[in-house]
Amino acid sequence: MSSSAHLDRLIEALQVMPGIGPRSAARIAYTLLDHRRAGGLELARVLQEALSKITLCPCCRNYSDGGFCALCSNVKRRQSGLLCVVESPADVQAVESSGTFFGTYFVLHGHLSPIDGIGAEELGFPLLTERLASGEVREVILATNPTVEGDVTASYIAAIARRYQIKLSKIASGVPFGGNLDSVDEHTLATSIKQRRAFD
Ligand SMILES: [Zn+2]
């Protein structure tokens, strides 16, 4: 039998973390209790604040502290007319780290997957359509992951962009098929963006 109901609850709660099962959760719980109580309390405060205050930017759907995110608030980025469409916030970070792109983004938070109930609405297509209709975007760079689902999603976005006669391009190969944008190194991704080709 367990020595503490609080400890049991802590071990169970820690398993919300990806890749953390009961054994790892127990190890983390003992480490926090034995050596890192102050750090653990700080983590609890930061978690509480981050999870209650971080929302989606109403322009690009990346995470923001409320209202427009820092990238969308940058006038020069908006004026560039470049819009890079990615599947996840981690992909935005990867493209930013490559240092080759100075425009704005649109974050889908996934890809079309009818079987999982993920359709146009879930991916924010109505908001994306609004942005494309605004006249602010002159080129859409499709940077969905090189997977079957990512390609299908890119084709749907291309169809929307064509309605507004917006130039379309797709990041060049270099990201292996089936891989993720955020799993390739910065140099490869930078080349892939620089050598983007027209999407037809
Ligand atoms: Zn934004």
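Residue numbers here run from 1 along each chain, matching the order of that chain's written sequence. Local features are withheld for residues below a pLDDT of 70 in this predicted model, meaning they are given only at 70 or higher, and side-chain atom pairs are given and counted only at 80 or more; totals for whole chains, interfaces and linings count all residues. The side-chain values count all of the structure's non-hydrogen atoms but skip hydrogen atoms and water molecules.

1. A closer look at the overall build of the chain
- A count of helical and extended segments in the chain gives eight helices and seven strands.
- Once the C-alpha set of the chain is aligned to its principal axes, its extents read approximately 65 × 35 × 35 Å.
- Only protein chains enter the accessibility calculation, which uses a 1.4 Å probe. A residue is then buried if its area is under 20% of the maximum for its type, exposed if over 50%, and partly exposed in between. The buried share of the chain, taken over its 200 residues, is 40%.
- Only four residue types enter the tally: Lys and Arg on the positive side, Asp and Glu on the negative side; His and the chain ends are excluded. In plain terms, the charge of a residue is placed at NZ if it is Lys, CZ if Arg, CG if Asp and CD if Glu. A gap of 5 Å separates the mean positions of the 20 positive and 21 negative side-chain charges of the chain. The secondary structure listing takes helices from DSSP runs of H or I that are at least 4 residues long and strands from runs of E that are at least 2 residues long, numbered from the N terminus.

2. As for the coordination of the zinc ion
- For Na, K and Ca the donor cut-off is 3.2 Å, and for all other metals it is 2.8 Å, counting N, O and S atoms only; because water is absent from this set, sites may look incomplete. Around the zinc ion, the protein contributes the donor atoms Cys-57 (SG), Cys-60 (SG), Cys-69 (SG) and Cys-72 (SG), at 2.3 to 2.4 Å from the metal centre.
- The coordination sphere of the zinc ion comprises four donor atoms, whose angles at the metal cover 105 to 118 degrees; the geometry is tetrahedral.
- Read N to C, the donor residues that coordinate the zinc ion are spaced as C-x2-C-x8-C-x2-C. Taken as a pair, Cys-57 in the loop between strand S1 (55-56) and strand S2 (63-64) and Cys-72 in the loop between S2 and helix H4 (75-79) lie far apart in primary sequence, 15 residues in all. Side by side, Cys-57 and Cys-72 carry an identical accessibility label, which is buried. When four donors show all angles between 85 and 135 degrees the site is tetrahedral, when four or six donors have opposite pairs over 155 degrees and all other angles between 65 and 115 it is square planar or octahedral respectively, and in every other case it is irregular.

3. Brief notes about a nonpolar patch on the surface
- A contiguous nonpolar surface patch, about 500 Å² in accessible area, is contributed by Val-16, Met-17, Leu-43, Leu-47 and Leu-51.
- The residue Leu-47 is located in helix H3 (residues 37-53) in this model. For patch detection, residues must exceed 30% relative accessible area and be free of salt bridges, and they are connected within 9 Å for like charges or within 5 Å for nonpolar side chains (Val, Leu, Ile, Met, Phe, Trp, Tyr). Here the Shrake-Rupley method, with its probe set to 1.4 Å, supplies the accessible areas, and only the displayed protein chains count as covering residues. Whenever Lys or Arg places a side-chain nitrogen within 4 Å of a carboxyl oxygen from Asp or Glu, that contact is recorded as a salt bridge.

4. Describing the pattern of salt bridges
- Summed over the entire model, instances satisfying the criterion amount to seven salt bridges.
- Among the ionic pairs, Arg-77 bridges to Glu-96, the shortest N-O distance being 2.8 Å. Of this pair, Arg-77 sits in helix H4 while Glu-96 sits in helix H5 (residues 89-98), and the two are 19 residues apart along the sequence.
- With a relative accessible area of 22%, Glu-96 lands in the partly exposed category.
- Counted as one network, the salt bridges with shared partners bring together Glu-139, Lys-167 and Arg-196.

5. Quick word on the environment of Gly-103
- For Gly-103, the position within the fold is in the loop between H5 and strand S4 (104-107).
- When near neighbours in sequence (up to four residues on either side) are disregarded, Gly-103 contacts Arg-77, Ser-80 and Leu-82. We call two residues in contact whenever any of their non-hydrogen atoms come within 4.5 Å of each other.

6. Comments concerning the pairing of strand S6 (residues 167-170)
- For strand S5 (residues 139-142) and S6, the ladder comprises four bridges, and the chain directions are parallel. Residue pairing across strands places Ile-141 opposite Ser-169, the latter belonging to S6. Between any two strands, at least two bridges found by DSSP are needed for them to pair.

7. Some remarks on the sheet that holds S5
- One open sheet accounts for five strands, arranged S4-S3-S5-S6-S7; its pairing is mixed. Looking at the sheet topology across the chains shown, the edges are occupied by S4 and strand S7 (197-198).
- Of the pairings in the sheet, the one linking strand S3 (residues 82-86) to S4 comprises four bridges and is parallel in character. Pairing of Leu-83 across the sheet is with Thr-104, part of S4.
- For helices, the fitted axis covers only the stretch in contact; all axes are lines through C-alpha atoms, and the angles between them, taken along N-to-C directions, range from 0 to 180 degrees. Contacting S3 and S4, H5 crosses the sheet at an angle of about 155 degrees to S4.
- Packing against the sheet, helix H6 (residues 125-133) makes contact with S3, S4 and S5, and its axis sits at approximately 155 degrees to S4.

8. Re the domain arrangement of the chain
- For the chain, the domain assignment lists domain 1 (5-53) and domain 2 (63-198).
- The C-alpha-based centres of domain 1 and domain 2 are spaced at 34 Å. In this entry, domain limits derive from an automatic or database-based domain assignment.

9. Considering the nonpolar core
- Among the nonpolar cores identified, the biggest contains 22 residues, and Val-86, Val-95, Phe-101, Tyr-105, Leu-181 and Leu-189 are the most heavily contacted of them.
- Those elements giving two or more residues to this core turn out to be S3, H5, S4 and helix H8 (186-194).
- Here Tyr-105 is in contact with Cys-60, Leu-71, Arg-77, Leu-83, Cys-84, Val-92, Val-95, Glu-96 and Arg-131, once residues within four sequence places are set aside.
- Residues Leu-83, Phe-125, Val-137 and Leu-142 belong to the second largest nonpolar core, which totals 20 residues. Here, the term nonpolar core denotes a set of buried Ala, Val, Leu, Ile, Met, Phe, Trp, Tyr and Cys residues that are joined through side-chain atoms within 4.5 Å.

10. A look at helix H7 (residues 148-163)
- In this model H7 runs 24 Å from its N-terminal to its C-terminal C-alpha over 16 residues, within 8% of the 22 Å that 1.5 Å per residue would give.
- Regarding H7, the residues found buried are Gly-150, Thr-153, Ala-154, Ile-157, Ala-158, Ile-160 and Ala-161. Buried residues along H7 cover an arc of 160 degrees about the axis, so they all sit on one side. Every exposed residue of H7 that faces more than 90 degrees away from the buried side is listed here: Val-148 and Arg-163.
- Buried residues along H7 sit against S3, H6, S5 and S6.
- Positive phi shows up at Gln-165, right after H7, with a value of about 50 degrees. What a helix should span is 1.5 Å times the count of its residues minus one. The arc in question is the one spanned by the directions pointing from the helix axis to the C-beta atoms.

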